[in-house]
Amino acid sequence: MAARKQRGSNELDAAGRNAMPDRTYAFPRLRKEPLNDASHVRNAIARFDQVRDASDAERREAFTRIKRAADRYGVELSATRWQDLGKPSAGMKSSDRPKSKEQLLSEAKRRNIRGRSSMTKAELERALS
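Residues numbered from 1 in each chain as written. Predicted model: local features only at pLDDT ≥ 70, side-chain atom pairs only at ≥ 80, totals over all residues. Heavy atoms only, no water.

Participant: I keep staring at the confidence of the model for the protein and nothing clicks. Help me out?
Facilitator: In regions of low pLDDT, the predicted coordinates are not meant to be interpreted in detail. Across the protein, the average pLDDT comes to 84, with 84% of residues at or above 70. When pLDDT is averaged over each helix and strand of the protein, the minimum, 87, is found for helix 1 (residues 14-19) and the maximum, 96, for strand 1 (residues 25-27). (pLDDT = per-residue confidence, 0-100. Helix = DSSP H or I, 4+ residues; strand = E, 2+ residues; numbered from the N terminus.)

Structure, rendered in C-alpha cells:
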C-alpha cells in the first residue's frame, strides 16, 4: 500500500504514515525517518544524528537502509560511515556556512553599521562584505 501525501507537498499525512510498514523507515522500531521518496531520504540523511533513543546497532542498520534508499531514488550520499551522517562536511569551515539574518544583524551591530535593523538579509551580507 502506498503512503498518502498531502496535496502539493512532500509531507506525509497521518494516515499515510500509519499505513507505511515499519521496514519503510530508517529506524523501524522508532518509526522515524521514512524512506519513501528522494525528499524523505535527503531528510533522513540530514536528521540522522538528531534521532533519539536509537542504539548504535540500530544506527548501523538505519545507515544501510538509507544507503539502499539513496541508490533507489538517486540521492547522493557522500558519508561512508553512519557516524558521519547528519553532520556538516568535514572540509567545510564554520566561516563557509551560510549565516542566518540574526547572525548577520549581530555582526552588523558589533561593527556599528547604521540602518542595519531595516536591512534585508542580502543587504546585510553586502554591508558586511
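Participant: What exactly am I supposed to notice about the nonpolar core here?
Facilitator: Proteins that are soluble and globular tend to have nonpolar side chains buried together. Counting residues in each nonpolar core, the largest one holds 19 residues, and the members touching the most others are F27, L35, V41, F48, I66 and L85. If you list the elements that add at least two residues to this core, you get strand 1, helix 2 (38-47) and helix 3 (56-73). The contacts of V41, once residues within four sequence positions are left out, are P34, L35, I66, A69, A70, Y73 and V75. Ranked by size, the runner-up nonpolar core spans 6 residues in total, among them L104, I113, L124 and L128. (Core = buried A, V, L, I, M, F, W, Y, C linked by side-chain atoms within 4.5 Å. Buried < 20%, exposed > 50% of the residue type's maximum accessible area, 1.4 Å probe, protein only. Contact = heavy atoms within 4.5 Å.)

Participant: How should the packing of helix 4 (residues 101-110) against helix 5 (residues 121-128) be read in this particular structure?
Facilitator: The angle between the axes and the distance between the axes are what describe a pair of packed helices. Orientation of helix 4 relative to helix 5, taken along the N-to-C sense of each, is 40°, at an axis distance of 10 Å. Here helix 4 lies oblique to helix 5, going by the angle between them. Every pair of crossing elements has a handedness; the one defined by helix 4 and helix 5 is left-handed. Together, K101, L104, L105, E107 and A108 of helix 4 and K121, L124, E125 and L128 of helix 5 make up the contact between the two elements. A class-by-class count of the residues in the contact of helix 4 with helix 5 yields 5 nonpolar, no polar and 4 charged. (Axes fitted to C-alpha atoms, helices over the stretch in contact; angles between N-to-C directions. Parallel < 35°, antiparallel > 145°, perpendicular 65-115°, else oblique. Left-handed = near helix turned anticlockwise from the far one by under 90°. Nonpolar A, V, L, I, M, F, W, Y, C, P; charged D, E, K, R; others polar.)

Participant: Explanation requested: the environment of N18 in the structure shown.
Facilitator: With respect to the secondary-structure elements, N18 resides in helix 1. Take N18: its relative accessible area is 63%, and that puts it in the exposed class. On a C-alpha basis, the gap between N18 and R31 in space is 9.4 Å, while along the polypeptide they are 13 residues apart.

Participant: How do you make sense of the pattern of salt bridges when you look at a structure like this?
Facilitator: A complete count under the given rule lists 6 salt bridges for this structure. A salt bridge links R31 to D22; its shortest N-O distance comes to 2.4 Å. A relative accessible area of 27% places R31 in the partly exposed class. Judged by relative accessible area, D22 falls into the partly exposed class, the value being 40%. Through salt bridges with shared partners, one network takes in E107, R110 and R111. (Salt bridge = Lys/Arg side-chain N within 4 Å of Asp/Glu carboxyl O.)

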